[in-house]
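# A closer look at the structure
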Amino acid sequence: MGNDADRYRRFLDGDDDELVLIIETYYQGLSLYLNSIVRNICEAEEIMQETFVRLAVKKPKYNGKSSFKTWLYAIARNCALIYMRQRSHYADRPVDSDFHISDETDIERQYLIEEQKIELHNALKKLKPEYAQVLYLKYFEDFDTDSIVRVTKKTKRQVSDLIYRAKKALKDELERTGFVYEEL
């Protein structure tokens, strides 16, 4: 069992502070992952909160068959699917980009990096939700294929195909918008 799995076990044994540490570790990444599914950061944060409420109240059993992170993201995905079914909206809605420029000596370089992130984020929003989801898990959360299989409940072949098609679709979308990758 990993550190977070141990924390969860200690939470189940009655130490509520351990759940707080789990939440602090995963809330940001989980919100961004859920945003790739529901395409609305406010709804994603609501679902993220629901995920942690589910952990706190229902206390599902972690069986150790996958990493704790994979298990947690699978629970979050299920919460998102339930949420979307209840709300019946799969519409693409814009997400507010909240990027800021740090106080570095090379502000122009930082600006270019932020612009690339915004363009990449906007291109991801234009992809099919399942494409955005697998790309987010693979490249932003560093999930391996087996973990993505567990989260998305697809076969390994389906996930590999999705990643391939998603990368191609992202490349096509970036080229269509005139995206230029600056090696910084």
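Below you will find a few notes about this structure. (Residues numbered from 1 in each chain as written. Predicted model: local features only at pLDDT ≥ 70, side-chain atom pairs only at ≥ 80, totals over all residues. Heavy atoms only, no water.)

So, on to the packing of helix H2 (residues 16-38) against helix H3 (residues 41-58). At a minimum axis distance of 8 Å, the contact between H2 and H3 shows a crossing angle of 140°. Between H2 and H3, the interaxial angle falls into the category oblique. Considering only the axes of H2 and H3, their crossing is right-handed. Packed against H2, whose contacting residues are Leu19, Ile22, Ile23, Tyr26, Tyr27, Leu30, Ser31, Leu34, Asn35 and Val38, the element H3 presents Ile41, Glu43, Ala44, Glu45, Ile47, Met48, Thr51, Phe52, Leu55 and Ala56 at the interface. Of the residues belonging to the contact of H2 with H3, the class tally is 15 nonpolar, three polar and two charged. (Axes fitted to C-alpha atoms, helices over the stretch in contact; angles between N-to-C directions. Helix = DSSP H or I, 4+ residues; strand = E, 2+ residues; numbered from the N terminus. Parallel < 35°, antiparallel > 145°, perpendicular 65-115°, else oblique. Left-handed = near helix turned anticlockwise from the far one by under 90°. Contact = heavy atoms within 4.5 Å. Nonpolar A, V, L, I, M, F, W, Y, C, P; charged D, E, K, R; others polar.)

With that out of the way, let us pick up helix H7 (residues 145-152). In an α-helix, one turn spans 3.6 residues, which is why side chains three or four residues apart end up on the same side. With six of eight residues buried, H7 is to be regarded as a mostly interior element. As for H7, its buried residues are in contact with H2, helix H4 (68-87), helix H6 (129-140) and helix H8 (156-176). Two residues or fewer after H7 comes lysine 153, characterised by a positive phi angle close to 60°. (Buried < 20%, exposed > 50% of the residue type's maximum accessible area, 1.4 Å probe, protein only.)

Attention now goes to the packing of H3 against H4. Orientation of H3 relative to H4, taken along the N-to-C sense of each, is 120°, at an axis distance of 9 Å. Between H3 and H4, the interaxial angle falls into the category oblique. By crossing handedness, the relation of H3 to H4 is classed as right-handed. Residues Glu43, Glu46, Ile47, Glu50, Thr51, Phe52, Arg54 and Leu55 of H3 touch H4, and the partners they reach there are Trp71, Leu72, Ile75, Ala76, Cys79, Ala80, Ile82, Tyr83 and Arg87.

Before going further, it helps to examine the packing of aromatic side chains. Centre-to-centre distance and the angle between the planes together describe a pair of aromatic rings. Evaluated as defined, the whole model comprises eleven aromatic pairs. Ring geometry for phenylalanine 68 and tryptophan 71: centres 5.4 Å apart, planes at 45°, overall tilted. With phenylalanine 68 and tryptophan 71 both in helix H4 and three residues apart, the pair spans about one turn of that helix. Each member of the pair, phenylalanine 68 as well as tryptophan 71, is classed as buried. Joined through ring pairs, the aromatic side chains of Tyr8, Phe11, Tyr26, Tyr62, Phe68 and Trp71 make up one cluster. (Phe/Tyr/Trp six-rings, centres within 6.5 Å; stacked < 30°, edge-to-face > 60°.)

Attention shifts here to H8. Here H8 spans 30 Å end to end across 21 residues, near enough to the 30 Å set by a 1.5 Å rise per residue. Listed as buried for H8 are Val159, Leu162, Ile163, Ala166, Leu170, Glu173 and Leu174. Around the axis of H8, the buried residues are gathered within 100° of arc, so they sit on the same side. In this structure, H8 carries Arg157, Tyr164, Glu175 and Arg176 as exposed residues pointing more than 90 degrees from its buried face. Positive phi appears at glycine 178, one or two residues downstream of H8, with a value of about 80°. (Expected span 1.5 Å × (residues − 1). Arc of directions from axis to C-beta.)

Counting 45 residues, the largest nonpolar core has Leu34 and Phe68 as the members making the most contacts within it. Within the residue set of this core, elements represented by two or more residues are helix H1 (3-12), H2, H3, H4, helix H5 (107-126), H6, H7 and H8. The biggest single contributor to this core is H4, with ten residues. Residue contacts for phenylalanine 68: discarding those within four places in its chain leaves Asp4, Ala5, Tyr8, Ile22, Tyr26 and Tyr62. (Core = buried A, V, L, I, M, F, W, Y, C linked by side-chain atoms within 4.5 Å.)

This part takes up the side chain of arginine 7. Of note, arginine 7 is situated in helix H1. Arginine 7 has contacts with Glu18, Leu21, Ile22 and Thr25, leaving out every residue within four places of it along the chain.

Attention now moves to the pattern of salt bridges. Taken as a whole and assessed by the stated rule, the structure comprises eleven salt bridges. Of the charged contacts in the structure, one is a salt bridge between glutamate 141 and lysine 69, with a shortest N-O distance of 2.9 Å. Here glutamate 141, found in the loop between H6 and H7, pairs with lysine 69, found in helix H4; they are 72 residues apart in sequence, far enough to count as distant. Note that lysine 156 and aspartate 146 form a salt bridge whose closest N and O atoms lie 3.1 Å from each other. (Salt bridge = Lys/Arg side-chain N within 4 Å of Asp/Glu carboxyl O.)

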